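Per-entry structural report
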Amino acid sequence: MDTEALLAEIRAAVLDGEPSLVKSLTEKALEAGLPALTIVSEGLTEGIRRVGEEFQKGAYFLPDLVRGAQSMEIGLEVLQPLLAGAGEERPTHARIVLGTVHGDLHSIGKNIVAAMLKASGFAVDDLGVNVPVEVFVDKVRDTEAAFLGLSALLTTTVHQQEAVIKALEAAGLRSKVKVLLGGAPIDQDWADRVGADGFAPDAARAVEVARELAGIR
Amino acid sequence: MKFFEVLSSEDLDGIHAATLEVLARTGMLIQDADARERLEAAGCGVRGERVTFPADLVARAVESSPAEFTLCGRTPEHDCPLVPGRFYTLSTTGSPFVIDHETGERRHALVKDVADLTRLVDALPNTHMASPATPKDVEPEIVTPVRVATMFRNTTKPLRVAVESGDEVRYSLKIAAAVHGGMEAMVSRPQLQISVSPLSPLTLSGDSTRALMVAAAAGVPLGVIPAPIVGATGPMSIAGTLVQQNAEILAGLVLAQVVNPGAPILYEPRPTVMDMRTGQSIWGNPEVALMSVATAQMARYYKIPGSVTAFGSSARAMDDQNGFERALTLLPAAQSGANVLASLGAGDNVIHTSAELIVLDDEIMSWVTRFMRGIQVDEDALGVAAIHEAVMGEGGFLALDHTRKFMRASEVWTPRLSDRRNYSDWDREGRPTIQQHARARVTEILATHVVEPLSDDIEREIDEVIAEARADLNAK
């Protein structure tokens, strides 16, 4: 079996945003004897990198990004047990934990940031919405994530961002993680006031800020 | 009465049928057990938190929702009866930022801004109802009672507040009752409308559900205000988003009618589109204007009052983009027959509001109001006699009685803000922009306009309500 052709097909399926196709091609690639890490780097990661490129060029848009990220994720799900078993990890820029704060159910902004970060080469743990302070802290501790992104859209829940930062301090974790804030009522002034490491007014900026803080490019 | 329409009657039937399918099959996530119990008793299907609605229940609920009601002023001259053909403007709600009209800088909204902007709405001729920004200098738990009190103090026009919890409704209504001498008086002439937002897609959070039920039980005008974003939290097809928002509103309407049959409901969606490059939710796109017209049609289809996005822009500055987006959104919205033309004063996709934008929107609304008046055609207006007199006489038209009569009846619109001077004069004055004219008007109004103060007794009662809210809600 032509393994180069298989990897090319995986890249194309990620680019086209076809999760089921990526899943079956990933399984096929494993059967063909390709190492998991190779499939990840030359198939999935390379595919999502091209998605990001098309987005930068203005040829791809957010729906393409989200589908590309989904397709990559489904391939990773297949490969993760093998990687873990071999004690290997796919290379990523950094791990980021994301979530919408307690009391707030809004998710769309956070979801877009998640998709863009994945497309940009970050490992993303999305905790969802209405996330209690302790859950953020525990996840940061367990994953040793380098970044924590907090989304708040309701002006009545914005102060939860401050509460999370304080809880990280109390847990002795504050210096180990960079905290980024997002949401319509958020601005640099608020981020400075609560001691966050960064703030982003939109998803694209969020990726830029994360990359800057991670020392990439 | 002829309204501008973008949907045919087949289209409306199609949207309604699709909505019933969504409500019967996908249903609404309602995160409050009491609400689910009541809906189930009324005939809904309930599986976990998911509630499905049968068509006959929806039909009965629409039937029991009043076709007309009035949003009242402190006194009747500012009343806004929401009846077919009448339209009123509403200033924008919830902006976290304002553009300071003295410094031109963007900063967080404060209580002082809620006061000033409300007072501006009170003063201007084409701003009929007020809704508040979200001030930063108040504890979040009592931000709504505080801004409601601030609005009551700064206008005698009708008010509206969008709320996030049952507590916010309770305390807002207590303040309204204090102003009007009791709940009964307040409900019989409601100066405060409550709006509750389902979360798109198809979700009513526990807090929002309880807010809806408290408002419905009280019998005050209640707006159901979903804000789906086309392509992100609603379908990418415009018709699909119209279906989804319709389902979200009707679900809220059904719950309100179950709690209190006959509760006055306002069909009040705020759909926007997603910019697929940046992820921003956009106001000022052609689709937003289209959806406003369609929304007005849907409200009429159900025979309940409708409220639509009518003002707004993505622009950050008061430039041409701001101008054309506002004008192109307002005109079709006004022509659509919507009873409430909302989001007056909103900029940067509603992230900020400003005194200057409110004044500008008052001007645009003045233009549009004249346009909506149309053309008077009767014997006098046809002017046969006037034409003969002008042509056969010597003075032309300027000196005619006919001219003075029609001029004094405002046949031709005169601007407040738009600059009509000749080029040289304008140049000599430093080439003022409309923003500068708006700024001058803001300064003038804020320096001189006085709102009839509330009595000391009422003020005392309001302070007590806020103290009670502070103690109660901060403790939670």
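Residues numbered from 1 in each chain as written. Chains lettered and ligands numbered in written order. Predicted model: local features only at pLDDT ≥ 70, side-chain atom pairs only at ≥ 80, totals over all residues.

**Considering the overall build of chain A**
Which entries qualify depends on this criterion: Comment: elements are numbered from the N terminus, with helices defined as DSSP H or I runs of at least four residues and strands as E runs of at least two. Our radius of gyration looks at C-alpha atoms and nothing else; its globule reference is 2.2 Å times the residue count to the power 0.38. Any residue with 12 or fewer other C-beta atoms within 10 Å of its own C-beta is exposed, any with 20 or more is buried, and the rest are partly exposed; the C-beta atoms used are placed from the backbone. Contact between two residues is assigned when their C-beta atoms, built from the backbone, lie within 7 Å.
When you go through chain A residue by residue, the secondary structure sums to 9 helices and 5 strands. Here the C-alpha atoms of chain A give a radius of gyration of 18 Å, agreeing with the 17 Å that 2.2 N^0.38 yields for 217 residues. Considered along the principal axes of its C-alpha atoms, chain A spans approximately 60 × 40 × 30 Å. Burial analysis of chain A (217 residues in total) assigns 48% to the buried set. Partitioning the contacts of chain A with sequence separation of at least 6, the portion at a separation of at least 24 is 72%.

**Details of the overall build of chain B**
Of the regular secondary structure elements, chain B holds 18 helices and 20 strands. Computed over its C-alpha atoms, the radius of gyration of chain B comes to 23 Å, within 12% of the 23 Å expected for a compact globule of 476 residues. Here the C-alpha coordinates of chain B stretch approximately 85 × 55 × 50 Å along the principal axes. Burial analysis of chain B (476 residues in total) assigns 52% to the buried set. Long-range pairs, those at least 24 residues apart, make up 74% of the contacts in chain B between residues at least 6 apart in sequence.

**Examining the interface of chain A and chain B**
As a measure of interface size, the accessible area lost when the parts come together is often cited. Formally: Residues are grouped as follows: nonpolar covers Ala, Val, Leu, Ile, Met, Phe, Trp, Tyr, Cys and Pro; charged covers Asp, Glu, Lys and Arg; every other residue, Gly included, is treated as polar.
The interface is formed by 16 residues belonging to chain A together with 17 residues belonging to chain B. At the level of elements, helix H4 (62–85), helix H5 (108–119) and helix H9 (203–214) of chain A are the ones that each hand at least two residues to the side of chain A that touches chain B. Here the residues of the side of chain A that touches chain B sort into 11 nonpolar, 4 polar and 1 charged.

**Things to note about the domain arrangement of chain B**
Quick note on the threshold: Each domain's extent was defined by an automatic or database domain assignment.
The domain boundaries assigned to chain B delineate domain 1 (61–373) and domain 2 (379–408). Placing a centre on the C-alpha atoms of domain 1 of chain B and another on those of domain 2 of chain B gives a separation of 45 Å.

**Comments concerning the packing of helix H5 (residues 143–154) of chain B against helix H6 (residues 166–180) of chain B**
Residue and element names in this part refer to chain B. Our working definition: Lines fitted to the C-alpha atoms define the axes, with helices restricted to the stretch that makes contact. Angles between their N-to-C directions range from 0 to 180 degrees. When an angle is under 35 degrees it counts as roughly parallel; over 145 it counts as roughly antiparallel; between 65 and 115 it counts as roughly perpendicular; any other value is oblique. Less than a right angle of anticlockwise turn of the near helix away from the far helix marks a crossing as left-handed, whereas a clockwise turn marks it as right-handed.
With their axes 9 Å apart at the nearest point, H5 and H6 run at an angle of 25° to one another. By the angle class used here, H5 and H6 are roughly parallel. H6 is crossed by H5, and the crossing has right-handed handedness. Touching Thr144, Pro145, Val148, Ala149 and Phe152 of H5 are Glu168, Tyr171, Ser172, Ile175 and Val179, all from H6. Classifying every residue of the contact of H5 with H6 gives 7 nonpolar, 2 polar and 1 charged.

**Focus: the confidence of the model for chain B**
Note the cut-off: Values of pLDDT, the confidence the predictor places in each residue, fall between 0 and 100.
Here chain B averages 96 in pLDDT, and 99% of its residues register 70 or above. Our summary of model confidence lists the complex with pTM equal to 0.95 and ipTM equal to 0.91.

**Looking at the sheet that holds strand E13 (residues 229–230) of chain B**
The cut-off we apply is this: Note on pairing: DSSP must find at least two bridges between two strands before they are called paired.
A sheet is described by the order of its strands in space; here 3 strands give the open sequence E13-E15-E16 (chain B), paired in mixed fashion. A single partner strand is all that each edge strand has here, and the edge strands are E13 and strand E16 (281–282) of chain B.

**So, H4(A)**
Three- or four-residue spacings in an α-helix give side chains the same orientation, since the helix completes a turn every 3.6 residues. Residue and element names in this part refer to chain A. Which entries qualify depends on this criterion: The span you would expect from a helix comes to 1.5 Å times its residue count less one. At any given residue, the bend is defined as the angle formed between two axes, one fitted to the seven residues that end at that position and one fitted to the seven that begin there.
Across its 24 residues, H4 extends 34 Å between first and last C-alpha, which sits within 8% of the 34 Å expected from 1.5 Å per residue. At Leu79, H4 shows its maximal bend, which comes to roughly 45°, and the proline Pro81 appears one to four places after that position. Restricting attention to buried positions, one finds in H4 the residues Leu62, Leu65, Val66, Gly68, Ala69, Ser71, Met72, Ile74, Gly75, Leu76 and Leu79. Just downstream of H4 lies Gly87, where phi reads positive at about 70°.

**Points about the domain arrangement of chain A**
All names here are of chain A. For chain A, the assigned domains are domain 1 (3–85) and domain 2 (95–214). If you average the C-alpha positions of domain 1 and of domain 2, the two centres end up 27 Å apart. Each partner contributes to the interface: domain 1 provides 10 residues, whereas domain 2 provides 6 residues. Mapped onto the side of domain 1 that touches domain 2, the elements with two or more residues apiece are helix H3 (36–57) and H4.

**Regarding the nonpolar core**
Residue and element names in this part refer to chain B. Worth spelling out the cut-off: By definition, a nonpolar core groups buried Ala, Val, Leu, Ile, Met, Phe, Trp, Tyr and Cys residues that are joined through C-beta atoms within 7 Å.
Membership of the largest hydrophobic core comes to 201 residues, with the highest contact counts inside it found for Ala215, Leu222 and Leu341. Per-element accounting of this core gives the leading share, 12 residues, to helix H9 (residues 238–259). Not counting the four nearest positions on each side in its chain, Leu341 is found in contact with Phe87, Tyr88, Thr89, Leu90, Val308, Ala310, Leu330, Ala333 and Ala334.

**Some remarks on the pairing of strand E18 (residues 340–344) of chain B**
Residue and element names in this part refer to chain B. For E18, the buried fraction is high: 5 of the 5 residues fall into the buried class. With 3 bridges joining them, strand E6 (residues 88–91) and E18 adopt parallel strand pairing. Following the sheet pairing, Tyr88 is matched in E18 by Val340. When strand E17 (residues 307–309) meets E18, the two strands line up parallel, connected through 3 bridges. Across the sheet, the residue bridging to Thr309 is Ala342, located in E18.

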